[in-house]
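Structure at a glance
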Amino acid sequence: MEIERINENTVKFYISYIDIEERGFDRDEIWYNRERSEELFWDMMDEVHTEEDFVMEGPLWIQVQALDKGLEILVTKAQLSKDGQKLELPVSDEKMKDFAVDERVEAMLDQLQENEEEEAKEKLDFVIAFRDFEDIISLSKRVELGNVHTQLRSYKNNYYLIVEFPEEQFEEDEIDNILSILLEYGHETDTTIHVISEYGKVIIAENALIELKKYF
């Protein structure tokens, strides 16, 4: 996890999905399981406290940005106004609108869920593993996936086909039919798309099956 101390009241940190998984959390948990999300957040904050001596007291203003490979989180401690009557953020009014406040981290969790739901509306991702490159070539001759984004990567002596369905273009039964064909040549894997995207070597970045059919 990368930590940047902005000032005495604000800290920013970045955690990759790989790091999240290595801490024992599944990505689905941080979107949909509030208890596990809070556990992850306070686990990260403990590390921030240890490395940056960032004392966590009082309400926290939290800004969360979901990136392709991880989360960027900005945490600011609330301060009492000069008259001691209300809490204030030690940032400008322009930036204040970007923050949500909640002592129990619910703002962060709600924002994570909104980001995930928005992403889920746009596409559905699947990873199919292959032990033999010839199986992928055979698959490319069997199925046409012109409207589906496919990328081929290699990782730890296996090949992985990342398949992204634009949800608005496919019905659920169409996706099921295509996946059933893919699984005739490949197999499901416990390796997540985030691990493959982070560490896998790109073989064909776009239209993998179309390119394989063209050259083989």
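Comments concerning the overall build of the protein
When helices and strands are tallied, the protein shows 9 helices and 11 strands. Among the 216 residues that make up the protein, the fraction classed as buried is 39%. Taking all contacts inside the protein whose residues are at least 6 apart in sequence as the whole, residues at least 24 apart take part in 68%. Summed over all atoms, the accessible surface of the protein reaches about 12500 Å², with 41% contributed by carbon and sulfur.

Regarding unusual backbone geometry
In this structure, K156 takes a positive phi of about 50 degrees despite not being glycine. At N157, a position not held by glycine, the phi torsion is positive, near 65 degrees. Relative to the helices and strands, N157 is located in the loop between β9 (149-155) and β10 (158-166). By relative accessible area, N157 is classed as exposed at 79%.

A look at the environment of P166
Note that P166 resides in strand β10. Considering only alpha carbons, one finds P166 and V148, 18 residues apart in sequence, at a separation of 7.0 Å.

Thoughts on the packing of helix α6 (residues 133-142) against helix α7 (residues 172-185)
α7 packs onto α6 with a crossing angle of 145 degrees between their chain directions and a minimal axis gap of 9 Å. Relative to α7, α6 is oriented so that their crossing is right-handed. Each of D135, S138, L139 and R142 in α6 lies in contact with α7, whose residues at this interface are I181, L182, E184 and Y185. In terms of residue class, the contact of α6 with α7 is built from 4 nonpolar, 1 polar and 3 charged.

Points about the pairing of strand β3 (residues 60-66)
On any regular strand, side chains alternate: one points to one face of the sheet, the next to the other face. Pairing of β3 with strand β4 (residues 70-77), which is carried by 7 bridges, proceeds in the antiparallel orientation. Each residue of the ladder has a partner; that of Q63, found in β4, is L74. Connecting β3 to the antiparallel partner β4 that follows it, the hairpin turn spans 3 residues.

Structural notes on the pairing of β4
With 7 of 8 residues buried, β4 lies mostly within the body of the structure. Across 7 bridges, the pairing between strand β2 (residues 10-16) and β4 is antiparallel. Residue K12 lies in a different strand from β4, and its bridge partner there is L74.

Side note on the environment of M1
If you trace the backbone, M1 turns up in the segment before β1 (2-5). By relative accessible area, M1 is classed as partly exposed at 24%. Taking the C-alpha atoms as reference, M1 lies 7.0 Å from D19; in sequence the two are 18 residues apart. Here M1 is in contact with F13, Y14, I15, D19, R23, M44, E47 and V48, once residues within four sequence places are set aside.

Details of the packing of aromatic side chains
By the definition in use, this model includes 6 aromatic pairs. Put simply, the rings of F126, F165 and F170 touch in pairs and so form one group of aromatic residues.

Concerning α7
The terminal C-alpha atoms of α7, which comprises 14 residues, lie 21 Å apart, in line with the 20 Å expected from a rise of 1.5 Å per residue. Where α7 is concerned, the buried positions are I175, I178, L179, I181 and L182. All buried residues of α7 fall inside an arc of 160 degrees around its axis, so they share one side. Summarising the geometry of α7, the exposed residues directed more than 90 degrees from the buried face are E172 and E184.

Digging into the pattern of salt bridges
Applying the stated rule across the entire model yields 7 salt bridges. For E184, the salt bridge is made with R142, and the minimal N-O distance between the two is 2.9 Å. Here R142 lies in helix α6 and E184 lies in helix α7, a separation of 42 residues in the sequence. On the basis of relative accessible area, E184 is assigned to the exposed category, the value being 52%. Each of D19, R23, D43 and E47 takes part in one network of salt bridges that share partners.

Quick notes on the rules
Residues numbered from 1 in each chain as written. Predicted model: local features only at pLDDT ≥ 70, side-chain atom pairs only at ≥ 80, totals over all residues. Heavy atoms only, no water. Helix = DSSP H or I, 4+ residues; strand = E, 2+ residues; numbered from the N terminus. Buried < 20%, exposed > 50% of the residue type's maximum accessible area, 1.4 Å probe, protein only. Contact = heavy atoms within 4.5 Å. Areas by Shrake-Rupley, 256 points an atom, 1.4 Å probe, with all protein chains shown as cover. Axes fitted to C-alpha atoms, helices over the stretch in contact; angles between N-to-C directions. Left-handed = near helix turned anticlockwise from the far one by under 90°. Nonpolar A, V, L, I, M, F, W, Y, C, P; charged D, E, K, R; others polar. Pairing = 2+ DSSP bridges. Phe/Tyr/Trp six-rings, centres within 6.5 Å; stacked < 30°, edge-to-face > 60°. Expected span 1.5 Å × (residues − 1). Arc of directions from axis to C-beta. Salt bridge = Lys/Arg side-chain N within 4 Å of Asp/Glu carboxyl O.

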